[in-house]
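As a plain string of letters, each chain reads:
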Amino acid sequence: MATVTGASVTGAIVTAPDVRAAKRLVIKIGSALLVDRVHGLRHDWLRALALDVAEAKARGTDVVIVSSGSIALGRTVLGLPFAELPLEQSQAAAAVGQIRLARAYEEVLAPHGITTGQVLVTLEDTDDRRRYLNSRATMETLLGFGVVPIVNENDTVATDEIRFGDNDRLAAQIAVTVGADQLILLSDVDGFYSANPKEDAMAQRFDVVDVITPAIEAMAGDPVSGMSKGGMKTKVLAAKTAMAGGCAMAIMEGSAMRPLQALANGAARTWFVPAADPQQARKRWINAMKPRGEVRLDAGAVAALRAGKSLLPAGVAAVIGSFGRGDPVAIVGPEGDVLGKGLVRYTAVETRAIAGHRSGEIEAILGYVGRAALIHRDDMVV
């Protein structure tokens, strides 16, 4: 295994991604970068980051920001110590800090004509398939409107049992949820090292990691800033999640003004590079699922799917089995041949009710405005 800067783990020639080429970019910002223990929010740094975000948006890149800092900001307002807090004090600090954090992002991005939206999530939102689909649909809609979502863990209500616990893993899960091709962790370290560089002068930084081996996992250390909960171990876990979803992830030191510009210009960093892109990874994930039921199509719907269209209720001739919203179902042709799999947007009962009907009739049948597609083309493998 190579351990010198510039070499991949396997020794293979791997091209590091260019952040300027990202189609959908998730940026994770650590508390230690955003909040100074004495002076509070680092306004100048945040304004400089806004320039990077505006530049990315001008290139046509979708941007999502996963931001720590609500608890750290709330501490300064409430006069709480920078030490481990009881859960209820952390939640109180988050409640005070979150509103200030959201306002700060709005104030620095609005001058660039960028609208922001606040999205608060818990681990339950991604573990539960129905909540996951809701989160994904919301994020996709925000991005479709050109909004930059500001995502954070909902620390005001989350308990220890339903917490991500660190925003590195949250950022990776968000990246997979929205199908991002790049995730940048702006941190207090400039990459992934063979050992903790603050303790071992011989530690060497990896330029590219293309496979996360047990040896790589064993090299991860603990947090050193005292401000955040995410250490190198959590960053490696985040990298595993991102890579499995086809998303490249970079770890870099982010305190410099314009950190994304610095990354594009060759700043020190470590890229974790996946073997597949997000769309391929998602298709493999869906294809590996066991169907909970099946929908049988008419010939017209089969032709539409093969042309790359989503499955509409009008094309469904029969529904078999019992399944919930977000469950995988087999997609079957008129002759009983399995055409593929997909994640269905309605329950089996609802699907039977709207089968054969136009999407415009869904509200009258179900009593609420549903989604036009029964299975969206992004959620199916044919």
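Below: a short report on this structure. (Residues numbered from 1 in each chain as written. Predicted model: local features only at pLDDT ≥ 70, side-chain atom pairs only at ≥ 80, totals over all residues. Heavy atoms only, no water.)

1. Describing helix α2 (residues 43–58)
Taking 1.5 Å per residue, 16 residues should reach 22 Å; α2 reaches 23 Å between its end C-alpha atoms and fits that length. When α2 is considered as a whole, its buried residues turn out to be W45, L46, A48, L49, A50, D52, V53, A54 and A56. Once α2 finishes, G60 follows within two positions and takes phi at roughly 95°, a positive value. (Helix = DSSP H or I, 4+ residues; strand = E, 2+ residues; numbered from the N terminus. Expected span 1.5 Å × (residues − 1). Buried < 20%, exposed > 50% of the residue type's maximum accessible area, 1.4 Å probe, protein only.)

2. Overview of the sheet that holds strand β5 (residues 116–121)
An order of β5-β6-β4-β1-β7-β9-β10-β8 is seen for the eight strands of this open sheet, with the pairing classed as mixed. Since the sheet does not close on itself, it has two edges, and those belong to β5 and β8 (208–209), each with one partner. In the sheet, strand β7 (residues 182–187) pairs with strand β9 (residues 248–253) via six bridges, with the strands oriented parallel. The residue of β9 that forms the bridge with S187 is E253. (Pairing = 2+ DSSP bridges.)

3. Some details on the nonpolar core
Counting 39 residues, the largest nonpolar core has I29, L34, L46, V53, I184 and L186 as the members making the most contacts within it. Ignoring any residue separated from it by four or fewer positions in sequence, one finds V53 in contact with I27, V63, I65, L109, I114 and V148. By size, the runner-up hydrophobic cluster in this structure holds 35 residues, among which are V121, V189, I212 and A220. (Core = buried A, V, L, I, M, F, W, Y, C linked by side-chain atoms within 4.5 Å. Contact = heavy atoms within 4.5 Å.)

4. A word on the packing of helix α7 (residues 167–177) against helix α9 (residues 232–244)
Viewed as axis vectors pointing N to C, α7 and α9 meet at an angle of 10°, and their least axial separation amounts to 8 Å. Here α7 lies roughly parallel to α9, going by the angle between them. Between α7 and α9, the residues in contact are D168, R169, A172, Q173 and V176 and T234, K235, L237, A238, T241 and A242, respectively. Counted by class, the contact of α7 with α9 contains five nonpolar, three polar and three charged residues. (Axes fitted to C-alpha atoms, helices over the stretch in contact; angles between N-to-C directions. Parallel < 35°, antiparallel > 145°, perpendicular 65-115°, else oblique. Nonpolar A, V, L, I, M, F, W, Y, C, P; charged D, E, K, R; others polar.)

5. What about the sheet that holds strand β13 (residues 328–332)?
Reading across the sheet, the five strands line up as β12-β11-β13-β14-β15 and stay open at both edges, with mixed pairing between neighbours. What marks the edges here is a single partner per strand, and that holds for β12 (316–321) and β15 (380–381). As paired elements, strand β11 (residues 293–297) and β12 share five bridges and run antiparallel to each other. Within β12, the position partnered with E294 by the bridge is I320. Along the sheet, helix α11 (residues 278–287) contacts β14 (338–343) and β15; its crossing angle with β14, the most-contacted strand, is approximately 105°.

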